[in-house]
Each structure stands twice: as structure tokens, then as C-alpha cells.
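Spelled out from the first residue to the last, the chains are:
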Amino acid sequence: MTLCWSLDKLGPMTRAVEDAMLVLHAISGPDPGDLSSVSSRLDFDAAAPVDGLRVGYFPAWMKENPATDVDRAALETVRKLGMVPTEVHLPDWPYDSMQLILFAEGAAAFEELTLSGGLRQLKAQVPDAWPNLFRQARFLSAVDFVQADRMRRKVAQEMARIFTEVDLLLVPSLRDEMLTITNFTGHPSLTLRAGFVEVAEARSDWAPDPEHPLPKFSPPRRVPHGVTLIGRLFDEGTIGRAGLALEREWKVTGERPPGF
């Protein structure tokens, strides 16, 4: 569904990297009905070598939660395939401040539902759920929005700087800073299964509800764990090529629960 005009994006959800690139090829390109689309093409060669590609990573992030041994092993696989792990760094900025843009645009998109009282019909009403975010966003000032947009430009420039040093990034999929950054800069990403971890509790990134705690598992459940590759703007082909090579090395795509 539409949520936020300057942040909404779409992409395929598939079982394997090759399938994702096939779907991406079908949906890529300009849309005459969308004024924000640009003339671009998917440049992807599955047979091109990956050796020599510079893969950026954030050293501290690989040592901290939510990174796991699967993430750290992925970095070793990068080296094994002839790609070049390269340390990169970002300024210690309040990246979450950009969320004001998302909240304001989302509140504008759902203004009619808010003013009509329709938000009361939505099930999730905890503080961080969308209904309350839409209500709260009506109290943001124009100054708040402009300052957040200025921050967005600075972050985009930092990402452009990083991609003069590397060809792609490898990051833990659940690292909040990079989820926020790429949501606002639009850099393409590819998340793929890299291994498995055991979890003792279900996980949710959004709107925890104290009255309905997340289920716990005993014994812990073995679940897939993914890593994320991030590429330059309009360079999905490079992350697709690297992702395909990594996926072939990991050989985990064939492991699925019965019936899936």
C-alpha cells in the first residue's frame, strides 16, 4: 500500500537471487504514469566474475548485536570468493531524526482516515503503531520537516562518498542505522539467506504490545538468517552478481520447511 510518497519503493520477494533478478528485469524502467520514475535499465550479467569487487563493511557493526556468527562468516565468504573486504565508516549522526519525514508524509497520505476517526478501527493502538504516529505527526512543524530534509541530503552525500571507496556494502540485515539510511537515500539492497540461527522468542521491529507479548519457543527454533548487500544508486546488477555468487557458495536456498 502507499504510505510515503518520497520513500515508497518496491522489489521482488523470491526464493533465490536469480529469480529476484528475473522479476526485477520485468519491472525495471521508466513508467510514463509515474512522474517520479527515471529512465534506467538493469545491467546484470550473471556470468561476470566477482573477484576484485570491493565490499565495504562496518567493523563495529560486525561485532555487535544484531550481527551473528552468520554475518561474520559471510564476510569470510566474501574474501574466499576473491572480493575485497574494505572497512568503511559513517559519521555518528542522529539518523532517526529523518523519520519525521516518513511520519509527516504518511500522515498526509492517510489524512482522511485520521480526520474521519477511521484510525480507531485499526487493531494496533500502542504508542508506536501507525494510528498514533499519524495523529502525532499533525503536530510537527514545517521547520521540523525542513531540518529533517536537510539531514536527508547530508546523509545522501555521505553514502555517495562511501561508494567512491567501495562497489557494494555488506551489512547485518537488522542494523537499524542502515535500514533507516537506505530507506531515505533509496540505495538498492538485496537480502539473502546466508545460514541459520536459533531463536527462543519471536521478533518484531515495530509496535511492541505489552498486553500481547511475543511467543517464546522451547526448545529454540532453527530459522534462516539473512545478510544484506547494498549497492550504488541504479546499480542493482552489481549486488545481484555478488549475491548470486554468495548464494551458490552458501547452498542454503534449498532448505525450506515442508510445504514451502
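Report on the accompanying structure. Bear in mind the structure is a predicted one, so any value in this text is a computation, not a measurement. (Residues numbered from 1 in each chain as written. Predicted model: local features only at pLDDT ≥ 70, side-chain atom pairs only at ≥ 80, totals over all residues. Heavy atoms only, no water.)

### Quick look at the layout of surface pockets
Inference 1: Here the second largest pocket is characterised by a volume of approximately 430 Å³.
Inference 2: For the second largest pocket, the lining is made up of 14 residues, of which Leu174, Val199, Arg203, Val223 and Pro224 are closest to its centre.
Inference 3: Among the elements of the structure, β4 (189-201) and β5 (216-231) are those that each provide at least two residues to the lining of the second largest pocket.
Inference 4: When residues of the lining of the second largest pocket are assigned to their parent elements, the largest contribution, five residues, is made by β4.
Inference 5: When grouped by side-chain class, the residues that make up the lining of the second largest pocket number seven nonpolar, three polar and four charged. (1 Å grid on protein atoms, 1.4 Å probe; cavity = no way out; pocket = protein on both sides within 12 Å on 5 of 7 lines; lining within 4 Å. Points joined across faces, edges and corners; volume = space filled by probe spheres on them. Helix = DSSP H or I, 4+ residues; strand = E, 2+ residues; numbered from the N terminus. Nonpolar A, V, L, I, M, F, W, Y, C, P; charged D, E, K, R; others polar.)

### Some words on the side chain of glutamate 247
Inference 1: Among the secondary structure elements, glutamate 247 is positioned in helix α9 (residues 236-250).
Inference 2: If sequence neighbours within four positions are ignored, glutamate 247 has contacts with Arg15, Ala16, Val17, Glu18, Leu192 and Thr253. (Contact = heavy atoms within 4.5 Å.)

### Remarks on the pattern of salt bridges
Inference 1: What the rule picks out here adds up to 12 salt bridges.
Inference 2: Measuring nitrogen to oxygen at the nearest pair gives 2.6 Å for the salt bridge that ties glutamate 249 to lysine 80. Note that glutamate 249 is positioned in helix α9 and lysine 80 in helix α3 (residues 69-80), a separation of 169 residues in sequence.
Inference 3: Given the relative accessible area of 27%, glutamate 249 is considered partly exposed.
Inference 4: Note that arginine 161 is salt-bridged to glutamate 165, the shortest N-O span being 3.1 Å.
Inference 5: Among the charged side chains, a network of salt bridges with common partners joins Arg54, Asp167 and Arg232. (Salt bridge = Lys/Arg side-chain N within 4 Å of Asp/Glu carboxyl O. Buried < 20%, exposed > 50% of the residue type's maximum accessible area, 1.4 Å probe, protein only.)

### Brief notes about the packing of aromatic side chains
Inference 1: Counted according to the given criterion, the structure contains four aromatic pairs.
Inference 2: Measuring from centroid to centroid gives 6.3 Å for tryptophan 93 and tyrosine 95, while their planes differ by 45°, and the two rings are tilted.
Inference 3: Where phenylalanine 110 meets phenylalanine 134, the ring centres are 5.1 Å apart and the plane angle is 10°; that geometry is what we call stacked. One end of the pair, phenylalanine 110, is in the loop between α4 (99-109) and α5 (111-115); the other, phenylalanine 134, is in helix α6 (residues 130-137), with 24 residues separating them in the sequence. Exposure class is identical for phenylalanine 110 and phenylalanine 134. Each is buried.
Inference 4: An aromatic cluster is defined as three or more aromatic residues linked by ring pairs; in this entry it consists of Phe110, Trp130 and Phe134.
Inference 5: One Lys or Arg, lysine 154, reaches over the ring of tryptophan 93 and ends 4.6 Å from the middle of that ring.
Inference 6: The ring of phenylalanine 196 has arginine 222 lying over it, and the distance from NZ or CZ to the ring centre is 3.8 Å. (Phe/Tyr/Trp six-rings, centres within 6.5 Å; stacked < 30°, edge-to-face > 60°. Lys NZ or Arg CZ within 6 Å of the ring centre and 35° of its normal.)

The values are spatial; any link to function lies outside them.
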